[in-house]
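# Topology and contacts: notes
Here are the chains, one letter per residue:
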Amino acid sequence: MRLTAHGVLRDLWQRPKGRAGLVVLAVIVLLSLAGPAFVQDPAAIPDLEHGRFLAPGAAHFFGTDYVGRDVLARVIWGSRISLGVSALSVLLAMTAGTAVGLVAGYLGGWADAAIMRFVDAALAVPRLFLLLLLVAVWEHIPLVALIIVIGATGWFGTARMVRGEVLRLREQDYVRAAEALGGRRRRIIFHHLLPNTLGPVVVTATLAIGDVILVEAGLSFLGLGVQPPTASWGSMIQDAKSTLFTAPWTGAFPGLAIVLTVLAVNLVGEALQDSLTHSPA
């Protein structure tokens, strides 16, 4: 099935789950893009002596943390890190997985066998273990390296899924006809196979964003992801773990941001999956 952005958005909007997910996700993305222009610097400490652990109120809607930083500002700025890392990591993983799956599925033979054995071996190892193993190499991992590491450990399932789609599409009449007419492999892959595998890839990518947000938050919570003073939702919860009972707002609001974002992304992904399942190929 060939996708168009307008058709996908229209169909998602007609589905209750898709509409709810799109609205919540649009608000979160809008706040992450425009919010920093209206909130103070998340690293600013207005009053270290009297500004610590202020409860949510008119001056600070989400309260302040253990050094007097505004929690709302940190949640908004942290959304840029959490969303940016997840989006770029998923883009990297989907690109690599799609490319590998196309090559393995179309070439077949020893190339397919070798690639799939590697993918099977990689899938047998828990992703979190791979991430912890790779991230532990750096004492303070750069943000770009974190994106690459998360993306590099997330393409295996996509490659297997795309390979299965290519094996099915390769037997279709239009692909056989293109091969019989002397079509080049590159043209067949990019003109016939790739467009018809984008539907499952987009669904997989959408659902993967929620998983990567949780992965990044988990790594940052363990102190292996985004490093202070840069704000991310996971690192904010890590900072707040010792004061959750005395100042629960310091960890509750970044945790709520994670829950809402993951829920919205999953709602959009499920609605998109339903749309593709009930649409004609």
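What comes next concerns the included structure.

Conventions adopted
- Residues numbered from 1 in each chain as written.
- Predicted model: local features only at pLDDT ≥ 70, side-chain atom pairs only at ≥ 80, totals over all residues.
- Heavy atoms only, no water.
- Helix = DSSP H or I, 4+ residues; strand = E, 2+ residues; numbered from the N terminus.
- Contact = heavy atoms within 4.5 Å.
- Areas by Shrake-Rupley, 256 points an atom, 1.4 Å probe, with all protein chains shown as cover.
- Salt bridge = Lys/Arg side-chain N within 4 Å of Asp/Glu carboxyl O.
- Buried < 20%, exposed > 50% of the residue type's maximum accessible area, 1.4 Å probe, protein only.
- Core = buried A, V, L, I, M, F, W, Y, C linked by side-chain atoms within 4.5 Å.
- Phe/Tyr/Trp six-rings, centres within 6.5 Å; stacked < 30°, edge-to-face > 60°.

### As for the overall build of the protein chain
If you tally the helices and strands in the protein chain, you get 11 helices and zero strands. The C-alpha extent of the protein chain, read off along each of the three principal axes, is 80 × 45 × 30 Å. Restricting the contact set of the protein chain to residue pairs at least 6 apart, pairs at least 24 apart contribute 72%. Of the roughly 14,500 Å² of accessible surface on the protein chain, a fraction of 69% belongs to carbon and sulfur atoms.

### Points about the pattern of salt bridges
Scanning all chains against the criterion turns up 11 salt bridges. Taking the shortest distance from any N to any O, the salt bridge between Arg-117 and Asp-120 comes out at 2.9 Å. On the criterion of helical spacing, the pair formed by Arg-117 and Asp-120 is a turn pair, its members being three residues apart in helix H4 (residues 109-123). Judged by relative accessible area, Asp-120 falls into the partly exposed class, the value being 28%. A salt bridge links Arg-160 to Asp-120; the shortest N-O distance between them is 1.9 Å. Here Asp-120 lies in helix H4 and Arg-160 lies in helix H7 (residues 156-169), a separation of 40 residues in the sequence. Judged by its relative accessible area of 36%, Arg-160 is partly exposed. One network of salt bridges, in which partners are shared, links Asp-65, Arg-69, Arg-74 and Asp-239.

### Structural notes on the nonpolar core
Core analysis: the biggest nonpolar cluster contains 37 residues, and Ile-150 and Leu-193 have the highest contact counts within it. Tallying contributions element by element places helix H9 (residues 185-221) first for this core, with nine residues. Excluding residues that lie within four positions of it along the chain, Ile-150 makes contacts with Val-85, Ser-89, Arg-127, Leu-131, Val-212, Val-215, Glu-216 and Leu-219. Counting residues in each nonpolar core, the second largest holds 13 residues, with Ile-28, Leu-83, Ala-217 and Val-262 among its members.

### Thoughts on the packing of aromatic side chains
A complete count under the given rule lists four aromatic pairs for this structure. Taking 6.2 Å as the distance between ring centres and 25° as the angle between the ring planes, the aromatic pair formed by Phe-118 and Trp-155 counts as stacked. You can see Phe-118 sitting in helix H4 and its partner Trp-155 sitting in the loop between helix H6 (143-152) and H7, a full 37 residues away along the chain. When its relative accessible area of 13% is taken as the criterion, Trp-155 is described as buried. An aromatic cluster is present here, built from Phe-118, Trp-155 and Phe-156 joined pairwise through their rings.

### Topic: the environment of Ile-141
Structurally, the position occupied by Ile-141 is in the loop between helix H5 (127-135) and H6. Relative accessible area serves as the criterion here: at 6%, Ile-141 is assigned to the buried category. Each C-alpha atom, one on Ile-141 and one on Gln-227, is 7.8 Å from the other, the two residues being 86 residues apart in sequence. If we ignore the near neighbours within four places in the chain, the residues touching Ile-141 are Val-135, Leu-146, Val-149, Leu-224 and Gly-225.

### Brief notes about the side chain of Thr-243
Note on placement: Thr-243 falls in the loop between helix H10 (233-240) and helix H11 (249-277). By relative accessible area, which is 13% here, Thr-243 ends up buried. The contacts of Thr-243, once residues within four sequence positions are left out, are Phe-53, Pro-248 and Thr-250.

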